[in-house]
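# Fold and contact review
Below, each chain spelled out in residue letters.
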Amino acid sequence: MPLDRPLALTQGDPAGIGPDIALAAWLKRREYGLAPFLYIGDPEVLSARARLLELDVPISETDAAGALASFEASLPLYPVAAGALVAPGELHGATAGGTIAAIEKAVAFALEGTVAAVVTNPIAKSVLYASGFGFPGHTEFLAELAYRATGEKVTPVMMLAGPKLRAIPVTIHIPLKDVPAVLTEDLIVETCQTADRDLRSRFGISQPRLAIAGLNPHAGEDGTIGREDAEIIHPAITRLRREGINAFGPLPADTMFHDEARSRYDVAVCMYHDQALIPAKALGFDTSVNVTLGLPFIRTSPDHGTAFGIAGQGVARESSLVEALRLAAELAEKSAKVTA
Ligand SMILES: NC(=O)C1=CN([C@@H]2O[C@H](COP(=O)(O)OP(=O)(O)OC[C@H]3O[C@@H](n4cnc5c(N)ncnc54)[C@H](O)[C@@H]3O)[C@@H](O)[C@H]2O)C=CC1
Ligand SMILES: NCC(=O)COP(=O)(O)O
């Protein structure tokens, strides 16, 4: 059943590849069978990028209601000023406010129900941090926006989802040296509870199997190579199992991503960013999608970043964005069926 509302697609950093891949996705919308999306960003940025790339893309300024009707003939855009017309690859602090405003607008549309899901293009975290942005990334910012609107706190969970692997980092954008202190039994339990709930309700997996990675080499080798595996991760798994969640481990991380090991679980729950994102991107850089679990709306994103070095050159692949748009539409269709 086709969606009765468009997806919202944010611009991301205007100097990154967000505009390139949005244009490419729209041009191949029929080939990819894409659901209509409403681009939320600066019309000047998008049309300048189209000219640079010599792409013939008509852009129509509209809102969510107008996007469904115009998507076939033109790329629908809800205008949010970027703050500066920057050249591709040229990071600029003046764009931070516009990048954040586009995300806020997409979330507002999702929460009021005028769009079916939010798909975000990549942001440059350092540019936003320098402007005073107080969140590590979209994941935590989206949870804060949801909290401001609903009054309900959520622990947002990042999940990389691809055809070969789903992987969750329990701790996300923090320095590696801080991981052991931030990693608590409660954080692991809350992350897995959210994952279990959303894998059932949004992804339709009736009995999710959660493989929990250890933190240290060989999952601590009986406490001889680090104690977090035995003292934090193991008790968290015991609590989860008592609640009926099919969590098991802690598993040595080096042997849990090969083909046979992956067939034994639905999601790998990892202890830090690179433990999850290295296998996810190695197994499917072009096909994996970043999904935020735990939010009161659907949010997906390509798995890659701003790729400043190739912005505006016509070589950025749109494949991960296409998968993010497809997954957002699929999850929205499923949730429409559940609520119908
Ligand atoms: N969802 C988000 O907002 C994300 C944002 N970032 C941000 O992106 C910025 C750059 O991060 P990097 O670590 O350099 O990762 P990156 O993903 O931007 O680039 C890594 C490498 O992959 C290539 N690449 C990335 N996407 C590509 C595509 N679609 N087609 C062809 N080649 C592609 C790049 O050219 C580069 O060689 C950082 O500021 C980071 O914070 C990174 C990941 C996700
Ligand atoms: N490395 C993943 C990433 O940077 C995406 O983070 P977020 O902006 O989706 O929170």
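The rules behind the values
- Residues numbered from 1 in each chain as written.
- Chains lettered and ligands numbered in written order.
- Predicted model: local features only at pLDDT ≥ 70, side-chain atom pairs only at ≥ 80, totals over all residues.
- Heavy atoms only, no water.
- Helix = DSSP H or I, 4+ residues; strand = E, 2+ residues; numbered from the N terminus.
- Buried < 20%, exposed > 50% of the residue type's maximum accessible area, 1.4 Å probe, protein only.
- Contact = heavy atoms within 4.5 Å.
- Lys, Arg positive; Asp, Glu negative; His and termini not counted.
- Charge placed at Lys NZ, Arg CZ, Asp CG, Glu CD.
- Near = heavy atom within 4 Å.
- Polar contact = N/O pair within 3.5 Å; in protein donor to acceptor, adjacent residues only side chain to side chain.
- Nonpolar A, V, L, I, M, F, W, Y, C, P; charged D, E, K, R; others polar.
- Phe/Tyr/Trp six-rings, centres within 6.5 Å; stacked < 30°, edge-to-face > 60°.
- Lys NZ or Arg CZ within 6 Å of the ring centre and 35° of its normal.
- Axes fitted to C-alpha atoms, helices over the stretch in contact; angles between N-to-C directions.
- Parallel < 35°, antiparallel > 145°, perpendicular 65-115°, else oblique.
- Left-handed = near helix turned anticlockwise from the far one by under 90°.
- UniProt positions renumbered as here; feature names shortened; annotations may be inferred.
- Pairing = 2+ DSSP bridges.
- Domains from an automatic or database assignment.
- Buried area = accessible area lost by both parts, 1.4 Å probe.
- Salt bridge = Lys/Arg side-chain N within 4 Å of Asp/Glu carboxyl O.

## As for the overall build of the protein
From N to C terminus, the protein includes 13 helices and twelve strands. In terms of overall dimensions, the protein has C-alpha extents of about 60 × 45 × 40 Å along its principal axes. Of all 340 residues assigned to the protein, the portion counted as buried reaches 54%. Contacts in the protein between residues at least 24 apart in sequence constitute 74% of all its contacts with a sequence separation of at least 6. The protein carries 29 positive and 40 negative side-chain charges, and their two centres are separated by 4 Å.

## A word on the site of ligand 1
In the region of ligand 1, 15 residues are neighbours, and Ile123, Gly305, Thr306, Ala307 and Arg317 sit closest. Histidine 304 is positioned such that a nitrogen or oxygen atom in its side chain is 3.3 Å from a nitrogen atom of ligand 1. Separating an oxygen atom of ligand 1 from a backbone N or O atom of threonine 306 is a distance of 3.0 Å. Broken down by class, the residue content of the shell around ligand 1 amounts to eight nonpolar, five polar and two charged.

## Some remarks on the packing of aromatic side chains
A complete count under the given rule lists five aromatic pairs for this structure. Summarising the aromatic geometry, the rings of phenylalanine 133 and phenylalanine 141 are spaced 5.0 Å apart at their centres and angled 75° between planes, so their arrangement reads as edge-to-face. The two residues phenylalanine 133 and phenylalanine 141 agree in class, both being buried. When the ring of phenylalanine 135 is compared with that of phenylalanine 141, the centres are 5.2 Å apart and the planes differ by 45°; the resulting orientation is tilted. Grouping aromatic residues by their ring pairs yields a cluster made of Phe133, Phe135 and Phe141. Positioned above the aromatic ring of tryptophan 26 is the side chain of arginine 29, whose terminal nitrogen or guanidinium carbon lies 3.7 Å from the ring centre. Taking the ring centre of tyrosine 147 as reference, the NZ or CZ of lysine 153 above it sits at 4.3 Å.

## Some points on the packing of helix α1 (residues 18–27) against helix α3 (residues 43–52)
Between α1 and α3, the shortest axis-to-axis distance is 9 Å and the interhelical angle comes to 70°. Between α1 and α3, the angle is such that the two are roughly perpendicular. Facing Pro19, Asp20 and Leu23 of α1, the residues of α3 in contact are Val45, Leu46, Arg49 and Ala50. Looking at the contact of α1 with α3 residue by residue, the classes come out as five nonpolar, no polar and two charged.

## Notes on the packing of helix α5 (residues 96–112) against helix α7 (residues 138–150)
Where α5 meets α7, the closest approach of the two axes is 11 Å, and the angle between their N-to-C directions is 50°. As judged from the angle between their axes, α5 and α7 are oblique. By crossing handedness, the relation of α5 to α7 is classed as right-handed. For the pair formed by α5 and α7, the contact residues are Ile100, Ile103, Glu104, Val107 and Leu111 on the first element and His138, Phe141, Leu142, Leu145, Ala146, Arg148 and Ala149 on the second. Taken together, the residues of the contact of α5 with α7 break down into nine nonpolar, one polar and two charged.

## Looking at the UniProt feature "binding site: a divalent metal cation" (unreviewed entry) in the protein
Mapped onto this numbering, the UniProt entry gives "binding site: a divalent metal cation" (unreviewed entry) at His173, His218 and His273. For this annotated set, covering 101 residues, the C-alpha atoms extend up to 23.8 Å from each other, a dispersed arrangement in space. Structurally, histidine 173 is set in the loop between β7 (166–169) and α8 (179–182). Filtering out sequence-adjacent residues up to four positions away, histidine 173 remains in contact with Lys125, Pro136, Met158 and His273. The partly exposed category is assigned to histidine 273, whose relative accessible area is 22%. In this structure histidine 273 touches Pro169, Thr171, Ile172 and His173, once residues within four positions along its chain are discounted. Among the polar contacts listed, one links the side chain of histidine 273 to the side chain of aspartate 274, at a separation of 2.7 Å.

## Some remarks on the pairing of strand β1 (residues 7–10)
Side-chain alternation along β1 places Leu7 and Leu9 on one buried face and Ala8 and Thr10 on a second face that is also buried. The pairing of β1 with strand β5 (residues 118–119) spans two bridges and is parallel. Each residue of the ladder has a partner; that of leucine 9, found in β5, is valine 119.

## As for the domain arrangement of the protein
Domain boundaries assigned for the protein yield domain 1 (1–154 + 295–339) and domain 2 (156–289). The straight-line distance from the C-alpha centre of domain 1 to that of domain 2 is 28 Å. Each partner contributes residues to the interface: domain 1 has 22 residues there, and domain 2 has 15 residues. Overall, the association of domain 1 and domain 2 removes approximately 1600 Å² of surface from exposure, summing both partners, and the carbon and sulfur fraction of that is 58%. A salt bridge links aspartate 286 to arginine 317; the nearest nitrogen and oxygen atoms lie 3.0 Å apart.

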